[in-house]
Amino acid sequence: MTLFNGVIQCFSVCYLKMNSIFSNKTWLAPLAGYTDTVYRKICKSMGADVVMSEMISADALIYKNPKTKILAEFDEEERPIGLQIFGNDAHKISEGIKILKEYQPDFIDINMGCPIKKIVKNGSGGALLKNPEKIKEIVSSAVKVIDNEFPLTIKIRSGWNSDESLLEIVKIIESEGASGICLHPRTKTQMFSGKSNWDLIRKVKEKTRIPIIGNGDIKTPEDAKKMVVQTGCDSIMIGRGVIGNPWLFRQIKNYLQNKTYNSILPSKKIEMIFLHFEKLKKKIGSKIALKSMRKFIPYYTKGMKNASKLRQKCNQTSDEMRFIQYLLDFKVGLKNG
Ligand SMILES: Cc1cc2nc3c(=O)[nH]c(=O)nc-3n(C[C@H](O)[C@H](O)[C@H](O)COP(=O)(O)O)c2cc1C
């Protein structure tokens, strides 16, 4: 192979890889406490194109905290997958990325949006939005460490308490060499109140050349279409809307392609709870799986008759047999009701 052909081939592979992540894709948002490997695989099986790990602390990676291994590990069937890191210091984040590289993800994402007190009080997550200089330092050193092995994305909110620095921040991220930006257009101060401002996604898309992944308040296939049309974003990302509702990924695909989609029967949702629980049990054992399922049950059963009674019962038992019986009774009740 000539040098020229080699360069062309490398360029084509990179281009295809980028395209398979950024163009017209539906992403599962990182959701700490929810999007573990089991739920990511469920979402993949329901049509999610790209998934991301829960956020992983750069400090914890450096100190070899065993929890980070659980957060960073994934199965081949989850690809393309990004591993997300958070921290407050360019050097530490780069050291953390060196460790994450060993897992061979398809891309790395840096969290610059998390509004939670525990995270921002250390200057990580959304706190970085107050400090464009630091953002520049972090992105620049991360790009060097990644050394073109895979894309780097940055996940941001629209600002700390206003969006006035958003375009400046986005320009910095782009010019320092990041491959894409995931934008949840709420400020840190807003937390999850109000509505995300999709106009900001459009503005950012108009002013940048790197792919923009639009995020915030997609709850239905109609929302997904609206976001694409209204903002021109390259891909969309969904978080809360798919907790206990992984079918949304498939519904969105059907709606975008055929302008129609099927709704999901309550009995199918209960079957999914059983499947989810079985998969979790295999991974983490029955006791922790049961605890984890308690978080999901209110989402899977939202709007169903007697759902609050089911939730209460499931929250009060640590006995697997009882847990299963409650769900079976609930399913029978659905048929009879
Ligand atoms: C329970 C929960 C956990 C989250 N964990 C993360 C996280 O680990 N990393 C991150 O970048 N964002 C995290 N987010 C933010 C989401 O990824 C997403 O940006 C936000 O929920 C807005 O999208 P949505 O309206 O589709 O939910 C989390 C949000 C929630 C509700």
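Conventions adopted
- Residues numbered from 1 in each chain as written.
- Predicted model: local features only at pLDDT ≥ 70, side-chain atom pairs only at ≥ 80, totals over all residues.
- Heavy atoms only, no water.
- Helix = DSSP H or I, 4+ residues; strand = E, 2+ residues; numbered from the N terminus.
- Rg over C-alpha atoms; globule rule 2.2 N^0.38 Å.
- Contact = heavy atoms within 4.5 Å.
- Areas by Shrake-Rupley, 256 points an atom, 1.4 Å probe, with all protein chains shown as cover.
- Lys, Arg positive; Asp, Glu negative; His and termini not counted.
- Charge placed at Lys NZ, Arg CZ, Asp CG, Glu CD.
- Near = heavy atom within 4 Å.
- Polar contact = N/O pair within 3.5 Å; in protein donor to acceptor, adjacent residues only side chain to side chain.
- Nonpolar A, V, L, I, M, F, W, Y, C, P; charged D, E, K, R; others polar.
- Pairing = 2+ DSSP bridges.
- Axes fitted to C-alpha atoms, helices over the stretch in contact; angles between N-to-C directions.
- Domains from an automatic or database assignment.
- Buried area = accessible area lost by both parts, 1.4 Å probe.
- Salt bridge = Lys/Arg side-chain N within 4 Å of Asp/Glu carboxyl O.
- Buried < 20%, exposed > 50% of the residue type's maximum accessible area, 1.4 Å probe, protein only.
- Parallel < 35°, antiparallel > 145°, perpendicular 65-115°, else oblique.
- Left-handed = near helix turned anticlockwise from the far one by under 90°.

A. Representation of the overall build of the protein in the model. Of the regular secondary structure elements, the protein holds 15 helices and 8 strands. Over its C-alpha atoms the protein spans a radius of gyration of 21 Å, differing by no more than 12% from the 20 Å that the globule rule assigns to 337 residues. Reported as C-alpha extents along the three principal axes, the dimensions of the protein are approximately 65 × 50 × 45 Å. In the protein, 69% of the contacts between residues at least 6 apart in sequence involve partners at least 24 apart. Split by element, the accessible area of the protein, about 16600 Å² in all, is 52% carbon and sulfur. In the protein, which carries 55 positive and 34 negative side-chain charges, the distance between the mean positions of the two groups comes to 7 Å.

B. Region of the structure containing the site of the ligand. What surrounds the ligand is a group of 17 residues, the closest being Pro30, Gln84, Asn215, Asp217 and Arg240. Lysine 155 places a side-chain nitrogen or oxygen 2.8 Å from an oxygen atom of the ligand. Arginine 240 places a polar side-chain atom, nitrogen or oxygen, 2.7 Å from an oxygen atom of the ligand. Burial of the ligand by the surrounding chains reaches 88%, relative to a free accessible area of 610 Å². Of the residues contributing to the shell around the ligand, the split by class is 8 nonpolar, 6 polar and 3 charged.

C. Local environment of the environment of leucine 256. Residue position: leucine 256 is located in helix α11 (residues 248-258). Separated by 45 residues in sequence, leucine 256 and threonine 301 place their C-alpha atoms 26 Å apart.

D. Highlighting unusual backbone geometry. Between arginine 79 and the following residue, proline 80, the backbone shows a cis peptide bond with an omega angle of -5 degrees. By the secondary structure assignment, proline 80 is in the loop between α4 (66-72) and β3 (81-86). In the Ramachandran plot, aspartate 147 falls in the positive-phi region, its phi being about 50 degrees despite a non-glycine side chain. Examined against the element boundaries, aspartate 147 turns out to sit in the loop between α7 (132-146) and β5 (152-159).

E. The arrangement of the sheet that holds β5 in detail. On the basis of which strands lie adjacent, the open sheet formed by 8 strands has the order β1-β8-β7-β6-β5-β4-β3-β2 and parallel pairing. Looking at the sheet topology across the chains shown, the edges are occupied by β1 (26-28) and β2 (51-57). Within the sheet, the average angular offset between the axes of one strand and its neighbour, ignoring direction, is 25 degrees. Alignment of strand β6 (residues 180-187) against strand β7 (residues 212-215), held across 3 bridges, turns out to be parallel.

F. Structural view of the domain arrangement of the protein. On domain assignment, one finds that the protein holds domain 1 (3-258) and domain 2 (266-336). Listed as interface residues are 12 residues of domain 1 and, on the opposing side, 11 residues of domain 2. Here domain 1 meets domain 2 over a buried area of about 1200 Å², counting both sides, of which 76% is carbon and sulfur. On the domain 1 side of the contact with domain 2, Tyr34, Val38 and Trp247 bury the most area, a combined 41% of that side's loss. Scanning the region where domain 1 abuts domain 2 turns up 0 salt bridges. At the junction of domain 1 and domain 2, the tally comes to 1 residue pair in polar contact (both at pLDDT 80 or more). Its residues assigned to classes, the side of domain 1 that touches domain 2 shows 8 nonpolar, 3 polar and 1 charged.

G. Representation of the environment of isoleucine 138. Locating isoleucine 138 in the fold gives a position in helix α7. Taking the relative accessible area as the measure of exposure, isoleucine 138 reaches 0% and is therefore buried. As for isoleucine 138 and isoleucine 93, which are separated by 45 residues in sequence, their C-alpha atoms are 7.3 Å apart. Other than its neighbours up to four places away in sequence, isoleucine 138 contacts Asp89, Ala90, Ile93, Ile110, Met112 and Leu128.

H. Structural detail: the packing of helix α12 (residues 266-284) against helix α15 (residues 320-336). At their nearest, the axes of α12 and α15 sit 9 Å apart, and the two run at 165 degrees to each other. In terms of orientation, α12 and α15 fall into the roughly antiparallel class. In this structure, α12 crosses over α15, and the sense of that crossing is left-handed. Every residue of α15 that contacts α12 at Pro266, Ser267, Ile270, Glu271, Ile273, Phe274, Phe277 and Lys281 is listed here: Glu320, Phe323, Ile324, Leu327, Leu328, Phe330, Lys331 and Leu334. Grouping the constituent residues of the contact of α12 with α15 by class yields 11 nonpolar, 1 polar and 4 charged.

I. Here's a closer look at the environment of alanine 178. Turning to its location among the elements, alanine 178 is positioned in the loop between α8 (166-175) and β6. Owing to a relative accessible area of 5%, alanine 178 belongs among the buried residues under this scheme. Considered as a pair, alanine 178 and valine 332 are 154 residues apart in the sequence and their alpha carbons are 52 Å apart.

J. Summary view of the pattern of salt bridges. Under the counting rule described, the total for this entry stands at 20 salt bridges. For lysine 41, the salt bridge identified is with aspartate 75, shortest N-O distance 2.3 Å. Taken together, the positions of lysine 41 in helix α2 (residues 37-45) and aspartate 75 in the loop between α4 and β3 put the pair 34 residues apart, joining distant regions of the chain. Classification of lysine 41 by relative accessible area gives buried; the value is 19%. Across the pair glutamate 271 and lysine 331 runs a salt bridge, and its minimum N-O distance is 3.2 Å.

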